[in-house]
Amino acid sequence: MLWAGRMRLRTFAILLVLVHTSAACEFGPFPYSVTGIVCRMTKPAALLLNQETAQVIQAAFRNAKFPNITGERSMRLLGKVAYGLTNIQVNDLSIEQSEVELKENDAIHIAIKNVTAFFKGTLTYGYAGGWFLHLFHSVDFEIESSIDLQINIKLMCQKDQVAADASDCYLTFHKLILHLQGDKEPGWLKQLFVDFISFTLKLVLKSEVCNEINSLAQVLADFVHDLAENFVRDEDISVDISLASVPLIKANYLESHHKGLVLYENYSDVFSDSVFSPSLLTESRMLYFWLSEHILSSLASAAFLDKRLVLTIRGEKLQALFEMEDTEAQRKAVQMIFQGTSYNNSVAKVWSLAHPQISLQPEGTVVKSLVAVEVSIFPTGEEPLMVLYMEKEITVTIQAAYAEKKLILHPLDSRIEFKIFKCTADPSGNDPSIRNFLQTMISVVGIPEVISRIEQALTSLMNSKGLHLFEIRNPEIITRKGYVIVQLDFSFPNHLLLDFLEKRL
């Protein structure tokens, strides 16, 4: 995935998503072989996210649509007493404690204890017989309740994505007290409604609150899927995050496996040799992402086909490259190449000639690419003149890190092999000074400049997906032969969950 956008909200939703799938999804006999992405969330993350449960439950209570309650009761002497409770709504709510437990191969068990809820509304009652005429009265009421709530969240797999099922929901009432306005009504009347209405009211509250929780769980499940899908899409390039196997729930972590196939126009991505094994991930950090080498290689191919691997350098940037050192050889080479034309009237174009090859190794990400470089000048009043063209095979090893909300790419070493070299200042190719200067320049400043541009572009792309909104702690990017692991801890700005609930409900 999944590089992850609103982390506590996103990962709270993942908590709902990565649990259980039903037979609605069909998987092959060897699911790991088609696994390109793995997400593992450990128990510490679940405990952290549980701190936000109170806000979700409060939203469920406040957003529940309580129906009017009507009925009648036969009373000796009074005849029939008809009643109606209308405009029922939550007036105040507090939650004392919330606990979460991962039940292996079962579900996420969330226990909400000591929920104090006050409901308000209007009570209308009247007498319809006996010694009384048809008389109806209205009085405002308040219901004070103390409730424990147990939710067991399971998921069903639908259309290769997960749908949350929180219908296994129980409310236990420890207290349910009806207060009539000013308590001025007859005592027998209050006792009547307390005894008779409370049972019906409990059923209504349980039904509506649990329905709302189940609905909200599905909203969050859909939200995290859409968020993840958007995070791994940029214009015409995207990654298929359909489930590759049944998500796992263990006592200490949740884990989901995704196909991770790259989608781009007519580009066909086939994947059947994943090296994933659950033993490759530990349980010491909150969140893990495992990505196959195949995904990075396919993304690079899609970027090549989409003509994104092109870079133009001019002006001060171009000057910085060619004037990395002030030596006689440097001045001679610059004079021969640019023929006295200023950098502002010159441009260098760098582009990839073929699909880059990417290999993940313990020392870093090894990128091998056939690259072309063209330098043109624009003499005053004349047509543009190409003064340098070269093709070279470049192999560079890169280490990646993430700090201060930025992706950091650090080139360790590089190898350059010239394939084609044409320079108007040396048409015969007998002067090695220009080529030697260019090889040094490319190694020292050229490759770092290209990598810096990629670094900035990827950081900007991830931030456009909202990654900068998350508080990511001590992230590590670890490369191994054939795969990369991203592991991290996190916290989350509280207001983002509230913003989500306000917009969605």
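Computed from a prediction, not measured in an experiment: that's the story for all the values here. (Residues numbered from 1 in each chain as written. Predicted model: local features only at pLDDT ≥ 70, side-chain atom pairs only at ≥ 80, totals over all residues. Heavy atoms only, no water.)

## With respect to the overall build of the protein
Step number 1: Along its length, the protein carries 9 helices and 20 strands.
Step number 2: The buried share among the 505 residues of the protein stands at 49%.
Step number 3: Summed over all atoms, the accessible surface of the protein reaches about 23,900 Å², with 51% contributed by carbon and sulfur. (Helix = DSSP H or I, 4+ residues; strand = E, 2+ residues; numbered from the N terminus. Buried < 20%, exposed > 50% of the residue type's maximum accessible area, 1.4 Å probe, protein only. Areas by Shrake-Rupley, 256 points an atom, 1.4 Å probe, with all protein chains shown as cover.)

## Side note on the packing of helix H7 (residues 328-338) against helix H8 (residues 432-464)
Step number 1: Relative to each other, H7 and H8 sit at 105°, their axes nearing to 10 Å. Classified by the angle their axes make, H7 and H8 are roughly perpendicular. Here Gln330, Lys332, Ala333, Met336 and Ile337 of H7 lie close against H8, whose contacting residues are Ser433, Ile434, Phe437 and Leu438.
Step number 2: Of the residues contributing to the contact of H7 with H8, the split by class is 6 nonpolar, 2 polar and 1 charged. (Axes fitted to C-alpha atoms, helices over the stretch in contact; angles between N-to-C directions. Parallel < 35°, antiparallel > 145°, perpendicular 65-115°, else oblique. Contact = heavy atoms within 4.5 Å. Nonpolar A, V, L, I, M, F, W, Y, C, P; charged D, E, K, R; others polar.)

## Considering the sheet that holds strand S8 (residues 237-240)
Step number 1: Reading across from one edge, S7-S8-S11 is the order of the 3 strands in this open sheet, with antiparallel pairing throughout. The open sheet has two edge strands, strand S7 (233-234) and strand S11 (261-263), and neither has a second partner.
Step number 2: Note: S7 against S8, 2 bridges, orientation antiparallel. Each bridged residue has a counterpart across the sheet, and for Arg233 the counterpart in S8 is Ser238. (Pairing = 2+ DSSP bridges.)

## So, the environment of Ala320
Step number 1: Within the secondary structure layout, Ala320 lies in helix H6 (residues 315-322).
Step number 2: Separated by 23 residues in the primary sequence, Ala320 and Tyr343 place their C-alpha atoms 9.8 Å from one another.

## A short note on the state of the cysteines
Step number 1: All chains considered together, the criterion is met by 1 disulfide.
Step number 2: With its sulfur 2.1 Å from that of its partner, Cys169 forms a disulfide with Cys210. Residues Cys169 and Cys210 are joined through a disulfide that is left-handed, its torsion about the S-S bond being -70°. Here Cys169, found in strand S6 (residues 161-180), pairs with Cys210, found in helix H4 (residues 187-231); they are 41 residues apart in sequence, far enough to count as distant. Assigned by exposure class, Cys169 and Cys210 land together as buried. (Disulfide = S-S within 2.5 Å.)

## Digging into the pairing of strand S12 (residues 287-292)
Each regular strand shows side chains that alternate between the opposite faces of the sheet.
Step number 1: Among the 6 residues of S12, 6 are classified as buried, and the element is accordingly described as predominantly covered.
Step number 2: Of the two faces of S12, both are covered, the one formed by Leu287, Phe289 and Leu291 as well as the one formed by Tyr288, Trp290 and Ser292.

## Points about the confidence of the model for the protein
Step number 1: Averaged over all residues, the pLDDT of the protein is 82; the fraction at 70 or higher stands at 85%.
Step number 2: Note on residues 1-23: pLDDT under 50 across the span, and 112 contacts to partners over four residues away in sequence or across chains. (pLDDT = per-residue confidence, 0-100.)

## Quick word on the packing of aromatic side chains
Step number 1: Taken as a whole, this structure holds 8 aromatic pairs when the rule is applied.
Step number 2: An angle of 45° between the planes, with centres 6.4 Å apart, marks the rings of Trp351 and Tyr389 as tilted. You can see Trp351 sitting in strand S14 (residues 346-352) and its partner Tyr389 sitting in strand S17 (residues 385-403), a full 38 residues away along the chain.
Step number 3: For Trp351, a relative accessible area of 18% puts it in the buried group.
Step number 4: Following the ring pairs from residue to residue traces out a cluster consisting of Phe322, Phe338, Tyr343 and Phe437.
Step number 5: Sitting over the face of the ring of Tyr253, Arg40 holds its NZ or CZ atom 3.8 Å from the ring centroid. (Phe/Tyr/Trp six-rings, centres within 6.5 Å; stacked < 30°, edge-to-face > 60°. Lys NZ or Arg CZ within 6 Å of the ring centre and 35° of its normal.)

## A short note on the pattern of salt bridges
Step number 1: The final tally for this structure, using the stated rule, is 17 salt bridges.
Step number 2: Among the salt bridges present, the one from Arg308 reaches Asp306, with a minimum N-O distance of 2.8 Å.
Step number 3: Lys368 serves as the salt-bridge partner of Glu393, at 3.9 Å between the closest nitrogen and oxygen. Here Glu393 is found in strand S17, whereas its partner Lys368 is found in strand S16 (residues 364-377), with 25 residues between them in sequence.
Step number 4: Sharing partners across several salt bridges, the network here consists of Asp234, Glu235, Asp306 and Arg308. (Salt bridge = Lys/Arg side-chain N within 4 Å of Asp/Glu carboxyl O.)

## A few points about the side chain of Ser376
Step number 1: Looking at where Ser376 falls in the secondary structure, it is placed in strand S16.
Step number 2: Under the relative-accessibility criterion, Ser376 is labelled buried at 10%.
Step number 3: Ignoring sequence-local partners within four residues, the contact set of Ser376 consists of Asn345, Ser346, Val347, Leu385, Met386 and Val387.

## As for the side chain of Glu455
Step number 1: Looking at where Glu455 falls in the secondary structure, it is placed in helix H8.
Step number 2: One buried charged residue, Glu455, remains without a salt bridge, the closest side chain of opposite sign being Lys406 at 7.9 Å. (Lys, Arg positive; Asp, Glu negative; His and termini not counted.)

## Some points on the sheet that holds strand S10 (residues 253-258)
Step number 1: Spatially, 6 strands are ordered S9-S10-S1-S12-S20-S19 in an open sheet, and the strand pairing comes out antiparallel. Across the chains shown, the open sheet's two edge strands, defined by having one partner strand only, are strand S9 (248-249) and strand S19 (471-480).
Step number 2: As defined by bridge partners, S9 adjoins S10 across 2 bridges and the pair is classed as antiparallel. The residue of S10 that forms the bridge with Ile249 is Leu254.

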